[in-house]
Amino acid sequence: MAVAREELQKDLEELKELLTKATRKRVRDVLAAEKQKLELEIKNQPPPKPKDVAEEEKSSLGGYTVKINNYGWDQSDKFVKIYISLNGVQKLPAENVQVNFTERSFDLLVKNLNGKNYTMTFNNLLKPISVEGSSRKIKTDMILVMCKKKREEKWDCLTQVEKESKEKEKAAYDTADPSEGLMNILKKMYAEGDDEMKRTINKAWVESREKQYKGDIPMDI
């Protein structure tokens, strides 16, 4: 926007110079009308920001944005506490570390930490929190987000999604047939394991089947 205003101002100065050199009335009238249009356009331009304000805004924005995935948490009777490690965060101005709370969520924004912005969002918290009673603290290389519980009760996890995921896993293991529960565990280990884990499970499975064929172990195990 500042560049456009500067260009318009240059056009106006050149037009004024042409106007002083013009001698024919029709040419002078055209130039005068154009001069009025330029002056009005410049008047309607937003005023340029002071240099220090522009520099401050540029500084606060930082570079690209990084999503925070690593954190730790614990709780007391009154608070759920989330710990986020960020090297050098204590050196930032306090206004560069912002947390917005709702009854069932919060989002964290850290601006211009070593040229990057950092964000973290928690939606669908397990239980309601007090927006007014929640806060954040900046410590050495760490941010502490404190969510004040509306009711003093224990949280088993942070979000409703985590709770549902745990319940599904528990249901898969809690079966009437113990061997089926064991099979579910092995399937999960195989799906989530690395190549070495998969080779180990495959080897154990082959050996188990060979023993069954030889009659060393019951077939229903």
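That block above? That's the structure.
Scoring rules and cut-offs
Residues numbered from 1 in each chain as written. Predicted model: local features only at pLDDT ≥ 70, side-chain atom pairs only at ≥ 80, totals over all residues. Heavy atoms only, no water. Helix = DSSP H or I, 4+ residues; strand = E, 2+ residues; numbered from the N terminus. Buried < 20%, exposed > 50% of the residue type's maximum accessible area, 1.4 Å probe, protein only. Contact = heavy atoms within 4.5 Å. Areas by Shrake-Rupley, 256 points an atom, 1.4 Å probe, with all protein chains shown as cover. Pairing = 2+ DSSP bridges. Axes fitted to C-alpha atoms, helices over the stretch in contact; angles between N-to-C directions. Patch = residues over 30% accessible without salt bridge, like charges linked within 9 Å, V, L, I, M, F, W, Y side chains within 5 Å. Salt bridge = Lys/Arg side-chain N within 4 Å of Asp/Glu carboxyl O. Lys, Arg positive; Asp, Glu negative; His and termini not counted. Charge placed at Lys NZ, Arg CZ, Asp CG, Glu CD. Core = buried A, V, L, I, M, F, W, Y, C linked by side-chain atoms within 4.5 Å.

(A) Inspection of the overall build of the protein at higher detail. Each helix and strand counted, the protein has six helices and eight strands in total. In sequence order, the secondary structure elements of the protein are arranged as α-α-α-β-β-β-β-β-β-β-β-α-α-α. Here the protein holds 221 residues, and 23% of them are scored as buried. For the protein, long-range pairs separated by at least 24 residues make up 58% of all intrachain contacts whose partners lie at least 6 apart in sequence. On the protein, roughly 15,900 Å² of surface is accessible, and the fraction owed to carbon and sulfur atoms is 51%.

(B) Local environment of the sheet that holds strand E2 (residues 72-75). Strand order in this open sheet of four strands is E2-E3-E8-E7, and the pairing throughout is antiparallel. Both outer strands of the open sheet, E2 and strand E7 (129-139), are each paired with one neighbouring strand and no more. Adjacent strand axes in the sheet meet at a mean angle of 20 degrees when their direction is disregarded. With seven bridges connecting them, strand E3 (residues 79-85) and strand E8 (residues 142-149) associate as antiparallel partners. Along E8, the bridge assignment pairs Ile 84 with Ile 143.

(C) The arrangement of a negative patch on the surface in detail. Negative charge collects at one region of the surface, where Glu 7, Asp 11, Glu 14 and Glu 41 lie side by side. For the negative patch, the element with the most residues is helix H1 (residues 2-21), which contributes three residues. Tracing the backbone through its elements, the reader meets Glu 14 in helix H1.

(D) Molecular detail of the sheet that holds strand E6 (residues 116-122). Sheet architecture is open: four strands sit in the order E1-E6-E5-E4, paired in mixed fashion. Whereas interior strands pair on both sides, the edge strands pair on one side only; in this sheet they are strand E1 (65-67) and strand E4 (97-102). The mean inter-strand angle of the sheet, taken between neighbouring strand axes irrespective of direction, is 15 degrees. Both E4 and strand E5 (residues 105-113) contribute to a ladder of six bridges, which runs antiparallel. Bridging from a neighbouring strand, Gln 98 pairs with Leu 109 of E5.

(E) Highlighting unusual backbone geometry. The phi dihedral of Asn 112 is positive, around 55 degrees, even though this residue is not glycine. Examined against the element boundaries, Asn 112 turns out to sit in strand E5. Even without being a glycine, Asn 114 presents a positive backbone phi close to 55 degrees. Following the sequence through the fold, Asn 114 ends up in the loop between E5 and E6.

(F) Spotlight on the pattern of salt bridges. Applying the stated criterion across every chain, the model contains six salt bridges. As a salt-bridge pair, Lys 25 and Asp 29 come within 2.9 Å of each other at their nearest N and O atoms. One end of the pair, Lys 25, and the other, Asp 29, are both in helix H2 (residues 25-44), four residues apart, so they sit about a helical turn from each other. The class for Asp 29 is partly exposed, based on a relative accessible area of 41%. Measuring nitrogen to oxygen at the nearest pair gives 3.8 Å for the salt bridge that ties Glu 34 to Lys 37. Of the two residues, Glu 34 and Lys 37 are both situated in helix H2; the distance of three residues between them amounts to about one turn of the helix.

(G) Fine view of the pairing of E4. Side chains Val 97, Val 99 and Phe 101 of E4 all project onto a buried face; the interleaved residues Gln 98, Asn 100 and Thr 102 project onto a face where none is buried. With antiparallel pairing between neighbouring strands as the criterion, E4 and E5 make up a hairpin whose turn holds two residues.

(H) Layout of the nonpolar core. Grouped together as the largest cluster of nonpolar side chains are 26 residues, with contacts concentrated most on Leu 86, Phe 106, Leu 108, Val 110 and Val 145. Mapped by element, the contributors of at least two residues to this core are E3, E4, E5, E6 and E8. With four residues, the top contributor of residues to this core is E5. Setting aside chain neighbours within four positions, we find Val 145 in contact with Val 80, Lys 81, Ile 82, Ile 84, Val 99, Phe 101, Phe 106, Ser 135 and Arg 136. Counting eight residues, the second-largest nonpolar core is a separate cluster that includes Leu 15, Leu 19, Ala 22 and Leu 38.

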